[in-house]
Amino acid sequence: MTTIKHVLGISGGKDSAALAIYLHEKYPQIDFSYYYTDTGKELDETYQLLENIEIYLGKKIEKLVAHDAKASSENPFDFFYKSFRGYVPSATARWCTNMMKLQPFEQYIGTEIPTLSYVGIRGDEDREGYISKKDNIQSIFPFRKNIWSQDVLHKLFHPNNKEVVLDYYTSIFKGEKLDKVASVLNSEITFERHQRLATERQIKTKLNGLLDLGTSDFNHATFQFLKGTKYPLSFEEDYALLDNEDVLVRDDVFRILRESGVGVPAYYEKKEYQVDGKKGEYARSRSGCFFCFFQQKIEWIWLYEQHPDKFKEAMKYENVDEAFTWNQNESLEDLIHPERIRQIKLNHLERTNRQKSEDSPYLMDILDDTEGDGCVACFV
Ligand code: SF4
């Protein structure tokens, strides 16, 4: 019998940390392997979080580095930064994620062992995780009502597979419920390349239609369907998460971190700032490299004022003559001009006053509109 591997990547962010704790508690029978893909450019709080999780889990978190950078005496980011000739990564040229997150992960898994990769995207988020193109890796999303990845749903709802799915439901449902399943499976779906958005919409409708009839029934139907595929779960007799109906949202994540004693990374805690005699609050909204280009202007100011040494270090990577800057059209040197700082804080204050939700001690609540942006490999 083929043994499958269960892996969980701890990004250094709150959601993957909470997922590790949650699964460890709820499924002690599953032997999880934990890994972390290091860039060498995280804040100290992230490394502290990793240490706390290791203590809690009683298990080592394996630190992964891409093969190319392993022999180097430099940290992974500096190694690749030089090999890209000082070209700083950006949202449109994200070599950092490829070289320091995805490559080491796929090298670690290899191409042989069927592997389930657990991802901490929450039930209150509307984004998809990274889906490996390798046949032996399958992603699972335990915090969501729908634990399956988009590629699985595409196959499951393909008209060619309708009968297999219906057969399973016929074994558990009768009458009106079974008619509903048939109507969901018979509803229109297109797989034309130029109609991708329509396909996603139709899949969502079918998914919700079946989930509404029972989450665990849908999971069992999907598991049954996977048996006829080459997905890692096809090698399993049973799977404990099929009956999991939990949906975990942001408050649950903070609660899990606090109650476990692992703690919430300090950079999520708000700090006060002053501007034009008014008080505002700022923090960092997510984990990842301290110079990440996905961060907002106010987070850069937070870095400048709360971790000036790291800000200075970030400045060193910029080459203004070549337009290699972390932010488009603005160097970090320009960003910390006193008038620019004032303007950024005033903009932030105005926005937060508009959006503020009352009780949360975390800036996440007012950065909620941007939390889904960025890199799922770094910020989950
Ligand atoms: S945190 Fe940002 S800079 Fe660092 S690897 Fe991820 S996307 Fe790149």
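Sequence order as written defines the numbering, with residues in each chain counted from 1. Restriction of local features to residues with pLDDT of at least 70 applies here, the model being predicted, together with a cutoff of 80 or more for giving and counting side-chain atom pairs; totals for whole chains, interfaces and linings are based on all residues.

### Comments concerning the site of the ligand
Working step 1: Whether a residue is near a molecule or strand depends on its C-beta atom, placed from the backbone, lying within 6 Å of it. Looking at the ligand, there are 13 residues lining it, with Cys96, Gly288, Cys289, Cys292 and Cys378 nearest.
Working step 2: The way it works is that DSSP assigns letters per residue, a run of H or I at least four long becomes a helix, a run of E at least two long becomes a strand, and they are numbered from the N terminus. Considering each element in turn, the shell around the ligand owes the most residues, four residues, to helix H5 (residues 95-109).

### Concerning the domain arrangement of the protein chain
Working step 1: Domains assigned within the protein chain are domain 1 (5-149 + 245-260), domain 2 (153-235) and domain 3 (266-379).
Working step 2: The domain boundaries here were taken from an automatic or database domain assignment. Once you take the C-alpha centre of each, domain 1 and domain 2 turn out to be 29 Å apart.
Working step 3: Counting residues at the interface gives eleven residues for domain 1 and twelve residues for domain 2.
Working step 4: Classifying every residue of the side of domain 1 that touches domain 2 gives four nonpolar, four polar and three charged. Here, residues touch in the contact sense if the C-beta positions derived from the backbone fall within 7 Å of one another. For this classification, Asp, Glu, Lys and Arg are treated as charged, while Ala, Val, Leu, Ile, Met, Phe, Trp, Tyr, Cys and Pro are nonpolar and the rest, including Gly, are polar.

### Here's the deal with the pairing of strand S4 (residues 115-118)
Working step 1: To sort residues by exposure, count the other C-beta atoms lying within 10 Å of each residue's C-beta; 20 or more gives buried, 12 or fewer gives exposed, and values between give partly exposed, all with C-beta atoms placed from the backbone. A two-sided burial pattern is seen for S4, the buried positions comprising Thr115 and Ser117 on one face and Leu116 and Tyr118 on the other.
Working step 2: Pairs of strands are assigned from DSSP output, requiring at least two bridges between the strands. In this structure, strand S1 (residues 5-9) lies alongside S4, joined through four bridges in parallel fashion. Bridge pairing in S4 places His6 opposite Leu116.
Working step 3: Inspection of the sheet shows S4 paired to strand S5 (residues 137-140) by four bridges, in the parallel sense. Note that in S5 the partner of Leu116 across the bridge is Gln138.

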